[in-house]
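Observations on chain architecture
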Amino acid sequence: MNNEAVGVNMHVVDAAWQEWLATNVSRGCTPESMIEAMVQAGFDAAAARDIVGRAAAEGGVQAAAISPVDDSARAYHYDACPVAAGNRVRAHDRDVTVLMRVERPQVIAFGNVLSADECTELIERARHRLKRSTTVNPDSGQEDVIQLRTSEGFWFQRCEDPFIERLDRRIAALMGEPLEHGEGLQILHYTAGGEYRAHFDYFPPGQSGSAVHTARGGQRVATLIVYLNDVEGGGETVFPDAGLAVMARQGSAVYFRYMNGRRQLDPLTLHGGAPVTSGDKWIMTKWMRERPYV
Ligand code: PD2
Ligand code: ZN
């Protein structure tokens, strides 16, 4: 595809968008979800359709798969969510408030997951240890630095010291999953303009690169993103196919679950981090696996 201006608003399919298209096609994202993400980013709908159609064809996806109605979500069976019911959840050592629950996809917004002091401590511990974030290459399974994700990150080892252990235990209790199923906590920092374009957190089934990751604990089943600061402008976590956006407020969090007891994966959990337009953004992410993560 050439670098050309397309659509009435003259959005350009630059190298970053080409990379995003190729990555999402190879990850098995539906063409409709990609079109929607591009429209949300300001592309004209017809142009987005055309661009995705061409990218899908280049990636070996049949044009017929681009139907006006995406019915792939209907097949996903929404079974009971492991997060406790109620307006408040006792999570190990803290009472967490439930702000919102969505059933399809399974998304929950929480308040009071971390104190302001805990947020500050995490930021200060990570600040000098950040590295440019990577994304899993679906073919090789290696971690690649790409434009899809413009942030810097740092991983803690699970339970690496008493402070991190307390947070790992709190988050596991909140998510209703065993502590041992959790990956280490990851801290991410975005500066102005930083974003994480629409993607799935699960490893695309059937792709060679996924095996490297699922060998340690199986598939990812759910995510908790905790916001460590108030973001001045932008930076919300968006679910384009659910029409949902969660604003970044210090100490609050968004949970979403994408693998059910039948091991089906929910395509409605397509999500991204919107560009930060003002200030910066710090988050902490916990991914849970279906088995102990070793
Ligand atoms: O920073 C976010 O809001 C965000 C959005 C989508 C983070 C992630 N995904 C992630 O860490 O997987
Ligand atoms: Zn994500």
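Now for a quick tour of the structure. Note that this is a predicted model, so its numbers are computed, not measured. (Residues numbered from 1 in each chain as written. Chains lettered and ligands numbered in written order. Predicted model: local features only at pLDDT ≥ 70, side-chain atom pairs only at ≥ 80, totals over all residues. Heavy atoms only, no water.)

1. Observations regarding the sheet that holds strand 14 (residues 237-239)
Here is the rule we go by: Two strands make a pair as long as DSSP finds a minimum of two bridges between them. Helix and strand labels come from DSSP, where a helix needs a run of H or I of at least four residues and a strand needs a run of E of at least two; each type is numbered from the N terminus. To get an axis, fit a line to the C-alpha atoms, keeping to the stretch in contact for a helix; angles then go from 0 to 180 degrees between the N-to-C directions.
The strand order 11-17-14-15 describes an open sheet built from four strands, whose pairing is antiparallel. Across the chains shown, the open sheet's two edge strands, defined by having one partner strand only, are strand 11 (196-199) and strand 15 (244-246). Between one strand axis and the next, the sheet turns through 15 degrees on average, direction left out of account. Both strand 11 and strand 17 (residues 271-273) contribute to a ladder of two bridges, which runs antiparallel. Across the sheet, the residue bridging to His199 is His271, located in strand 17.

2. Quick look at the site of ligand 1
We apply this condition: Near residues are defined by distance, with any heavy atom within 4 Å of the molecule or strand qualifying the residue. N or O atoms within 3.5 Å of each other form a polar contact, as long as, within protein, one can give a hydrogen and the other can take it, and as long as residues adjacent in sequence are counted only when both atoms are side-chain atoms. Residue exposure ignores everything except the shown protein chains as possible cover, and the areas themselves are Shrake-Rupley values with a 1.4 Å probe. In this analysis, the protein atoms alone were mapped onto a 1 Å grid. Cavities are point sets where a 1.4 Å probe fits without being able to get out; pockets are open sets with protein on both sides within 12 Å along at least five of seven lines; lining residues have an atom within 4 Å of a point. A cavity or pocket is said to hold a molecule if more than half of that molecule's atoms lie within 2 Å of its grid points.
Taken together, 13 residues lie near ligand 1, and Tyr190, His199, Thr237, His271 and Lys281 sit nearest. Within the side chain of Asp201, an N or O atom sits 3.2 Å from an oxygen atom of ligand 1. Isolated, ligand 1 exposes 310 Å² of accessible area, and the fraction of that covered by the protein chains is 100%. Assessed atom by atom at 2 Å from the grid points, ligand 1 resides in the largest cavity. Contributing elements (two or more residues each) for the shell around ligand 1: strand 11, strand 17 and strand 19 (281-289).

3. Focus on unusual backbone geometry
Following Arg104, the chain continues to Pro105 via a peptide bond in cis, the omega torsion being 0 degrees. Inspection of the secondary structure puts Pro105 in the loop between strand 4 (94-102) and strand 5 (106-111). Phi angles above zero are rare outside glycine, and Arg263 is one such case at about 70 degrees. Among the structural elements, Arg263 can be located in the loop between strand 16 (253-257) and strand 17.

4. Considerations on the coordination of the zinc ion (ligand 2)
Each donor-metal-donor angle in an ideal tetrahedron of four donors is 109.5 degrees, and each such angle in an ideal octahedron of six donors is either 90 or 180 degrees. Note the threshold: Each metal site lists N, O and S donors within 2.8 Å (3.2 Å for Na, K and Ca). With water left out of the atoms, a site can look as if it is missing ligands. Throughout this description, buried means an accessible area under 20% of the type-specific maximum (1.4 Å probe, protein chains only), exposed means over 50%, and partly exposed covers the range between.
Every protein donor of the zinc ion (ligand 2) is accounted for by His199 (NE2), Asp201 (OD) and His271 (NE2), and the metal-donor separations fall at 2.1 to 2.2 Å. Motif for the zinc ion (ligand 2), donor spacing along one chain: H-x1-D-x69-H. Taken as a pair, His199 in strand 11 and His271 in strand 17 lie far apart in primary sequence, 72 residues in all. Residue His199 shares its accessibility class with His271, and that shared class is buried.

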